[in-house]
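Here's the letter readout for the chains.
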Amino acid sequence: MNTAKPRPRAILRIHFHLAAQTEELYGQLLAVIDGISSRVEPLPADWSAYVDLTGALTYWGYDVQGLVAVLRLRLLALHGVQCSAGAGPTRSIAAMAADITPPGSATVVGDDPYEIASFLRPRPTAALPGIGPKTARTLARYGISTVGDIADTRLTTLQRILGTTAARQAHDRAHGLDDRPVVPGAAPKSLSAAHRFDRDELDPERHHSTVLGLVQEIGGQLRASREIAQALTLTVAYADRTQTTRTRALAEATAHSPALAASAHALLTGLGLQRARVRALTLRAERLLPAEETVHQLTLDNRDEKLRRLETALDKAATRYRPGIAGAASTLLRGIV
């Protein structure tokens, strides 16, 4: 009987710091990584990737620190690209390590329980993947301000604050537990909705209502595919065939139309289109994630919960009676933003 313990995982999160961000160069950088390990999960939205180095360590005969150094050196020598890298036994730890690492450096967290705890416990709650700014503020009201505080809080208490699923996820990750695999070739997707006016449109009210209609269309698609967006991009095409594009990161990844509408409204307002002749508007949801990776905050104000229930009803109606539903929903959103 084989009693040998399985080798601990070694997961790398690597960020490329590019002077010129092109898909061609990004593909070439991924090819360099593929020469080290074939288990590469591209994240093109922020020019980074996850890499599972577990099997490659044995093949190349290096420890994690050494193999990461070889990889960084190859990227620099072949393409002149500096990178920052974080490595650890889980995706969460690798991501957190990468986030605190400056360009040209690497942070490696070993698989020793004491080393994992020493790394995780002092970090602020918002540094833990899955904990957004709003969730961090909610936890702070209960005196929970570090990852160590989350680890020390009873699971039942966290569940009352965050809900069952989110609490279990946060509790596990605060203890260094995260079994999510690196999925080769699984790049985040984006989706978009566009509207072209019959004639060049000067009316800001039409611009506004059109963007809200696009928000509802994108929100419905996200909810139908059980995905959430981390950012929105608004592109405005003008009568002279020029374009303006603006991107805004969402405070928390979401598919909730009112939250998407608030960000889209901010993008549109920031462009100052009062006298612009607009030919077309395109809204794109960026850096999509599976819906289970979101954390929905419960609040004392039940208005948001009512909106979510109404949103679900509108989605069901749109599935059954497609025509006209987006217009009705965008009218609702108009009163929100």
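Our subject is the structure listed above.
Attention in this report is confined to the structure presented alongside it. Remember, predicted model here, so these are calculated numbers, not experimental data.

### Some details on the packing of aromatic side chains
Then, in step 1: Within this structure, the stated rule accounts for 3 aromatic pairs.
Then, in step 2: One aromatic cluster in this structure is built from Phe 16, Tyr 26 and Trp 47.
Then, in step 3: In this arrangement the basic side chain of Arg 13 is found over the ring face of Tyr 50, its NZ or CZ atom lying 4.7 Å from the centre.
Then, in step 4: Taking NZ or CZ as reference, Arg 91 lies 4.0 Å from the ring centre of Tyr 50, over its face.

### Observations regarding the pairing of strand β4 (residues 82–88)
Then, in step 1: For β4, a buried count of 6 out of 7 residues is recorded, marking the element as mostly surrounded by other parts of the structure.
Then, in step 2: When β4 meets strand β5 (residues 106–108), the two strands line up parallel, connected through 3 bridges. Bridge pairing in β5 links Gly 86 to Thr 107.
Then, in step 3: With respect to chirality, the unit in which β4 leads through helix α4 (residues 91–99) into the neighbouring parallel β5 is left-handed.

### Here's the deal with helix α9 (residues 164–174)
Then, in step 1: Among the residues of α9, those classed as buried are Ala 166, Ala 167, Gln 169, Ala 170, His 171, Arg 173 and Ala 174.
Then, in step 2: Along its buried surface, α9 packs onto α4, α5 (113–120), α7 (147–152) and α8 (155–162).
Then, in step 3: Once α9 finishes, Gly 176 follows within two positions and takes phi at roughly 80°, a positive value.

### A look at the pattern of salt bridges
Then, in step 1: Applying the stated criterion across every chain, the model contains 7 salt bridges.
Then, in step 2: Where Arg 180 meets Asp 178, a salt bridge forms, and the shortest distance between an N and an O atom there is 2.8 Å. Assigned by exposure class, Arg 180 and Asp 178 land together as buried.
Then, in step 3: A salt bridge links Arg 206 to Glu 201, with the nearest nitrogen and oxygen atoms 3.2 Å apart.
Then, in step 4: Assessed through its relative accessible area of 10%, Glu 201 is described here as buried.

### Looking at the environment of His 171
Then, in step 1: If you trace the backbone, His 171 turns up in helix α9.
Then, in step 2: Here His 171 falls in the buried class, since its relative accessible area comes to 14%.
Then, in step 3: Between the C-alpha atom of His 171 and that of Leu 155, which follows or precedes it by 16 residues, the distance is 6.8 Å.
Then, in step 4: If we ignore the near neighbours within four places in the chain, the residues touching His 171 are Ile 150, Ala 151, Thr 153, Leu 155 and Leu 158.

### Thoughts on the packing of helix α6 (residues 133–141) against α8
Then, in step 1: Running from N to C, α6 and α8 cross one another at 125°; their axes reach a closest spacing of 11 Å. Classified by the angle their axes make, α6 and α8 are oblique. Between α6 and α8 the crossing geometry is right-handed. Contacts from Thr 135, Thr 138 and Leu 139 of α6 reach α8 at Leu 158, Ile 161 and Leu 162.
Then, in step 2: The class makeup of the residues in the contact of α6 with α8 is 4 nonpolar, 2 polar and no charged.

### Considerations on helix α3 (residues 64–79)
Then, in step 1: Taking 1.5 Å per residue as the helical rise, α3 with its 16 residues ought to reach 22 Å, and the 22 Å between its terminal C-alpha atoms agrees with that figure.
Then, in step 2: Listed in full, the buried residues belonging to α3 are Val 64, Gly 66, Leu 67, Val 68, Leu 71 and Leu 75.
Then, in step 3: One or two steps after α3, the chain reaches Gly 80, where phi turns positive at roughly 65°.

### Observations concerning the nonpolar core
Across soluble globular proteins, nonpolar side chains have a tendency to be buried as a group.
Then, in step 1: Judged by nonpolar contacts, the single largest core of 32 residues is most densely connected at Leu 222, Leu 234, Val 236, Leu 273, Leu 281 and Ala 285.
Then, in step 2: Within the residue set of this core, elements represented by two or more residues are β6 (191–201), α10 (204–224), β7 (227–238), β8 (243–254), α11 (257–271) and β9 (278–286).
Then, in step 3: Membership of the second largest hydrophobic core comes to 28 residues, among which are Leu 12, Phe 16, Leu 25 and Leu 53.

### Considerations on the packing of α10 against α11
Then, in step 1: Two elements in contact, α10 and α11, have axes separated by 9 Å at closest approach and are oriented at 140°. Between α10 and α11 lies a crossing of right-handed hand. For the pair α10 and α11, the contacting residues are His 207, His 208, Val 211, Leu 212, Val 215, Gln 216, Gly 219, Leu 222 and Arg 223 in the first and Ser 257, Leu 260, Ala 261, Ala 264, His 265 and Leu 268 in the second.
Then, in step 2: The class makeup of the residues in the contact of α10 with α11 is 8 nonpolar, 6 polar and 1 charged.

### Here's the deal with the pairing of strand β1 (residues 11–17)
Then, in step 1: Buried residues dominate β1, accounting for 6 of its 7 residues.
Then, in step 2: In the sheet, β1 pairs with strand β3 (residues 48–52) via 5 bridges, with the strands oriented antiparallel. Within β3, the position partnered with Leu 12 by the bridge is Val 51.
Then, in step 3: Looking at chain direction, β1 and β4 are connected through 7 bridges and run antiparallel. Considered in β4, the bridge of Leu 12 is made with Ala 87.

Definitions and limits used
- Residues numbered from 1 in each chain as written.
- Predicted model: local features only at pLDDT ≥ 70, side-chain atom pairs only at ≥ 80, totals over all residues.
- Heavy atoms only, no water.
- Phe/Tyr/Trp six-rings, centres within 6.5 Å; stacked < 30°, edge-to-face > 60°.
- Lys NZ or Arg CZ within 6 Å of the ring centre and 35° of its normal.
- Buried < 20%, exposed > 50% of the residue type's maximum accessible area, 1.4 Å probe, protein only.
- Helix = DSSP H or I, 4+ residues; strand = E, 2+ residues; numbered from the N terminus.
- Pairing = 2+ DSSP bridges.
- Right-handed = clockwise from strand over helix to strand, strands pointing away.
- Contact = heavy atoms within 4.5 Å.
- Salt bridge = Lys/Arg side-chain N within 4 Å of Asp/Glu carboxyl O.
- Axes fitted to C-alpha atoms, helices over the stretch in contact; angles between N-to-C directions.
- Parallel < 35°, antiparallel > 145°, perpendicular 65-115°, else oblique.
- Left-handed = near helix turned anticlockwise from the far one by under 90°.
- Nonpolar A, V, L, I, M, F, W, Y, C, P; charged D, E, K, R; others polar.
- Expected span 1.5 Å × (residues − 1).
- Core = buried A, V, L, I, M, F, W, Y, C linked by side-chain atoms within 4.5 Å.

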